[in-house]
Amino acid sequence: MAKRKNLEDTEGAEDAEDVKMKATDSDSDSDSEDMDTVNVDFEMFDPQPAHDFHGLKTLLRQLFDVDSTLFDISALTELILSQPLLGTTVKVDGNESDPYAFLTVLNMQEHADKPVIKELANYILSRSKPTHPLHAKLEKLLSPTAEGHTGLILTERLINVPTEIVPPMYKMLLEEITWAIEDNEPYKFTNFIILSKTYTEIPSKLDDLEARPMKKGKKAGRAGKASKEIFYFHPEDEIVQRKAEAWASFRYVKEQDERVADSKRAFQSFGIMPQGHMILVAKEELPGVVGDLEGMFQE
């Protein structure tokens, strides 16, 4: 039988979504007075092997983006579902519906013999630059002879799911790890690696085309120059990094062509180039991270 997550913060996340939607409608009053308020109630459940395979698989593909084809995503999904008492899914249409978001942790040492975990460990090391301080730390933590256990935190959500659901998911993960340790289960981690996504802006090729002289007397446009700034698909990552040991963004192995990035124009003058992101957090810092995340939405 499915266990629905019962946590005060879950209700708070739902209320926060109501507030967010109402604020959005209020901001648009100047454009239209006919906008309706949409209230969405999010429910949190343990991962359900009978219902969540396809939904989780889709979210994992979204998380790993173009590099998702490098892994056996089906095997990774099955591994997540094999530990249904650890991690959270977020749904809006009851337990049997597809998850809109999820968060879980995998023990990289406990599952080191599984091909998909080997693939992930090699991928993480290969994506971290040897000259970056993060690389030496990861080599030690992901070594077969590592003294402690490292938890790989995977989390993703659909683009229209609000950030307010994140703090309760992390809080429940922290509590579930504590309960698992009390039951002598292998979740006594020393560190956590969080895999996520960021993006950078790139000059639009469409603007370059428009800049070509087409007719005499036509004023040519000029494509802007992209900055080096990193933008976050998951805004909470900036909060997590406050207590992180190290972090870094990295290019995907199967990096997209700039023409593909240009088709994802989120701004008037720029396309976007997605890339991977990894954050290393020590075990003793995770409670503080949860507290910081909860503070994101406190007035």
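Anything mentioned here points back to the structure above.
Quantities reported herein were computed from a predicted structural model and do not represent experimental measurements.

What follows deals with the environment of phenylalanine 64. Topologically, phenylalanine 64 is positioned in helix 2 (residues 53-64). Judged by its relative accessible area of 3%, phenylalanine 64 is buried. Spatially, the C-alpha atoms of phenylalanine 64 and glycine 276 are 7.5 Å apart, while their sequence positions differ by 212 residues.

Our focus in this paragraph is the pairing of strand 3 (residues 101-107). With seven of seven residues buried, strand 3 lies mostly within the body of the structure. Here seven bridges tie strand 3 to strand 4 (residues 149-157), and the two strands are oriented antiparallel to one another. When the sheet's bridge partners are listed, alanine 101 is paired in strand 4 with arginine 157.

A few words now on the packing of aromatic side chains. By the definition in use, this model includes eight aromatic pairs. Ring centres of tyrosine 123 and phenylalanine 250 lie 5.9 Å apart, and the angle between their planes is 80°; this geometry places the pair in the edge-to-face category. Pair noted here: tyrosine 123 is in helix 4 (residues 115-127) and phenylalanine 250 is in strand 7 (residues 246-250), with a separation of 127 residues, a long-range link. No difference in accessibility class separates tyrosine 123 from phenylalanine 250, as the two residues are buried. Clustering of aromatic rings is evident, with ring pairs tying together Phe64, Phe71, Tyr123, Phe250 and Tyr252. Of note, lysine 91 hangs over the ring of phenylalanine 45, and the distance from its end group to the ring centre comes to 5.7 Å. Above the face of the phenylalanine 233 ring, lysine 197 is positioned so that its terminal group lies 4.8 Å from the ring centre.

The next point concerns the pattern of salt bridges. Here the structure, examined in full by the defined rule, presents six salt bridges. The closest approach of N and O atoms between lysine 197 and aspartate 65, which form a salt bridge, is 3.1 Å. Of this pair, lysine 197 sits in strand 5 (residues 189-203) while aspartate 65 sits in the loop between helix 2 and helix 3 (73-81), and the two are 132 residues apart along the sequence. Since its relative accessible area comes to 7%, lysine 197 is described here as buried. Where lysine 243 meets aspartate 292, a salt bridge forms, and the shortest distance between an N and an O atom there is 2.5 Å. You can see lysine 243 sitting in the loop between helix 8 (236-240) and strand 7 and its partner aspartate 292 sitting in helix 10 (residues 286-294), a full 49 residues away along the chain. Residue classification places lysine 243 among the partly exposed residues on the basis of a relative accessible area of 27%. Taking the relative accessible area as the measure of exposure, aspartate 292 reaches 22% and is therefore partly exposed.

Calculation notes
Residues numbered from 1 in each chain as written. Predicted model: local features only at pLDDT ≥ 70, side-chain atom pairs only at ≥ 80, totals over all residues. Heavy atoms only, no water. Helix = DSSP H or I, 4+ residues; strand = E, 2+ residues; numbered from the N terminus. Buried < 20%, exposed > 50% of the residue type's maximum accessible area, 1.4 Å probe, protein only. Pairing = 2+ DSSP bridges. Phe/Tyr/Trp six-rings, centres within 6.5 Å; stacked < 30°, edge-to-face > 60°. Lys NZ or Arg CZ within 6 Å of the ring centre and 35° of its normal. Salt bridge = Lys/Arg side-chain N within 4 Å of Asp/Glu carboxyl O.

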